[in-house]
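Spelled out from the first residue to the last, the chains are:
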Amino acid sequence: MPFDSLRPKVSTILANENESVDQRLTEICELLQASIGYYDWVGFYFANEETRTLHLRAFAGEPTEHTVIPFGKGICGQVAESNENFVVADVKAQNNYIACNMYVKAEIVIPLFKDGKNIGQIDIDSHMADPFSSEDERFLEWVNQEVADIL
Ligand code: SME
């Protein structure tokens, strides 16, 4: 896994204050999607606490119609409430799942904490079955911490 070689690239993108936060988030999505073969769609959702909805702010991969997701709905909405990583080896085995396209076999959602509060998440879809390991979790937790630092 090229996670160690990706870390400095992630840091460089996030440190570029000439770009907006949204541009930098999009570049992170593009970097991860292009660099890791089984990351087919990468996006960041952020929470609106008043409306209890998640909003897609940056992504790489096919456009999705699921740009707003209520808390509790789908894998993403469940993570908004649980504050815990959710690794789905087989999306077909999930009842509470929002399908983005027919090719997706697995998904990982890692909450993003700012000052201890769950404010959003990184969401990754894979066309490969059961591709995610604890290494993905540790790497994506690190990415989210770095992102939290620029918010
Ligand atoms: N599958 C997600 C919805 C978002 S798409 O993957 C982009 C879910 O069940 O929450």
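You'll find the structure just up there.
Only a predicted model underlies this, so the values are computations on that prediction, with no experimental measurement involved.

## What about the sheet that holds strand 6 (residues 117–126)?
Taken in spatial order, the 6 strands line up as 3-2-1-6-5-4 in an open sheet, and their pairing is antiparallel. Every interior strand has two partners, whereas the edge strands, strand 3 (68–70) and strand 4 (86–88), have only one. The sheet shows a mean angle of 25 degrees between the axes of neighbouring strands, direction not considered. Pairing analysis gives 7 bridges linking strand 1 (residues 41–48) to strand 2 (residues 53–60), with the strands arranged antiparallel. Residue pairing in the sheet places Val42 in a bridge with Ala60 of strand 2. On the sheet, helix 2 (residues 21–35) packs against strand 1, strand 2 and strand 6 and is oriented at approximately 65 degrees with respect to strand 2.

## What to know about empty space enclosed by the protein
Tallying each qualifying case throughout the model produces 1 cavity of 30 Å³ or more. For the largest cavity, the calculated volume is near 100 Å³. Elements with a minimum of two residues in the lining of the largest cavity: strand 1, helix 3 (74–82) and strand 6. Here the lining of the largest cavity takes 3 residues from helix 3, the largest share from any one element. Taken together, the residues that form the lining of the largest cavity break down as 8 nonpolar, 1 polar and 4 charged.

## A few points about the side chain of Asn144
Position of Asn144 relative to the elements: it lies in helix 4 (residues 134–150). Given the relative accessible area of 2%, Asn144 is considered buried. Here the side chain of Asn144 touches Ile110 through a polar contact of 3.0 Å, landing on its backbone oxygen. The contacts of Asn144, once residues within four sequence positions are left out, are Phe44, Ile110, Pro111, Leu112 and Ile122.

## Some details on the packing of aromatic side chains
Across all of its chains, the model carries 8 aromatic pairs by this definition. For the pair Phe3 and Phe139, a centre-to-centre distance of 4.6 Å together with 20 degrees between the ring planes defines the contact as stacked. Of the two residues, Phe3 sits in helix 1 (residues 3–15) while Phe139 sits in helix 4, which places them 136 residues apart along the sequence. There is no split in this pair, since Phe3 and Phe139 are both buried. Ring centres of Tyr38 and Phe132 lie 5.9 Å apart, and the angle between their planes is 65 degrees; this geometry places the pair in the edge-to-face category. Here the residue Tyr38 occupies a position in the loop between helix 2 and strand 1, and Phe132 occupies one in the loop between strand 6 and helix 4, the gap between them amounting to 94 residues. No difference in accessibility class separates Tyr38 from Phe132, as the two residues are buried. Following the ring pairs from residue to residue traces out a cluster consisting of Phe3, Phe139 and Trp142. Cation over ring: Arg7 sits above Trp142, and NZ or CZ is 5.1 Å from the ring centre.

Parameters and conventions
Residues numbered from 1 in each chain as written. Predicted model: local features only at pLDDT ≥ 70, side-chain atom pairs only at ≥ 80, totals over all residues. Heavy atoms only, no water. Pairing = 2+ DSSP bridges. Helix = DSSP H or I, 4+ residues; strand = E, 2+ residues; numbered from the N terminus. Axes fitted to C-alpha atoms, helices over the stretch in contact; angles between N-to-C directions. Contact = heavy atoms within 4.5 Å. 1 Å grid on protein atoms, 1.4 Å probe; cavity = no way out; pocket = protein on both sides within 12 Å on 5 of 7 lines; lining within 4 Å. Points joined across faces, edges and corners; volume = space filled by probe spheres on them. Nonpolar A, V, L, I, M, F, W, Y, C, P; charged D, E, K, R; others polar. Buried < 20%, exposed > 50% of the residue type's maximum accessible area, 1.4 Å probe, protein only. Polar contact = N/O pair within 3.5 Å; in protein donor to acceptor, adjacent residues only side chain to side chain. Phe/Tyr/Trp six-rings, centres within 6.5 Å; stacked < 30°, edge-to-face > 60°. Lys NZ or Arg CZ within 6 Å of the ring centre and 35° of its normal.

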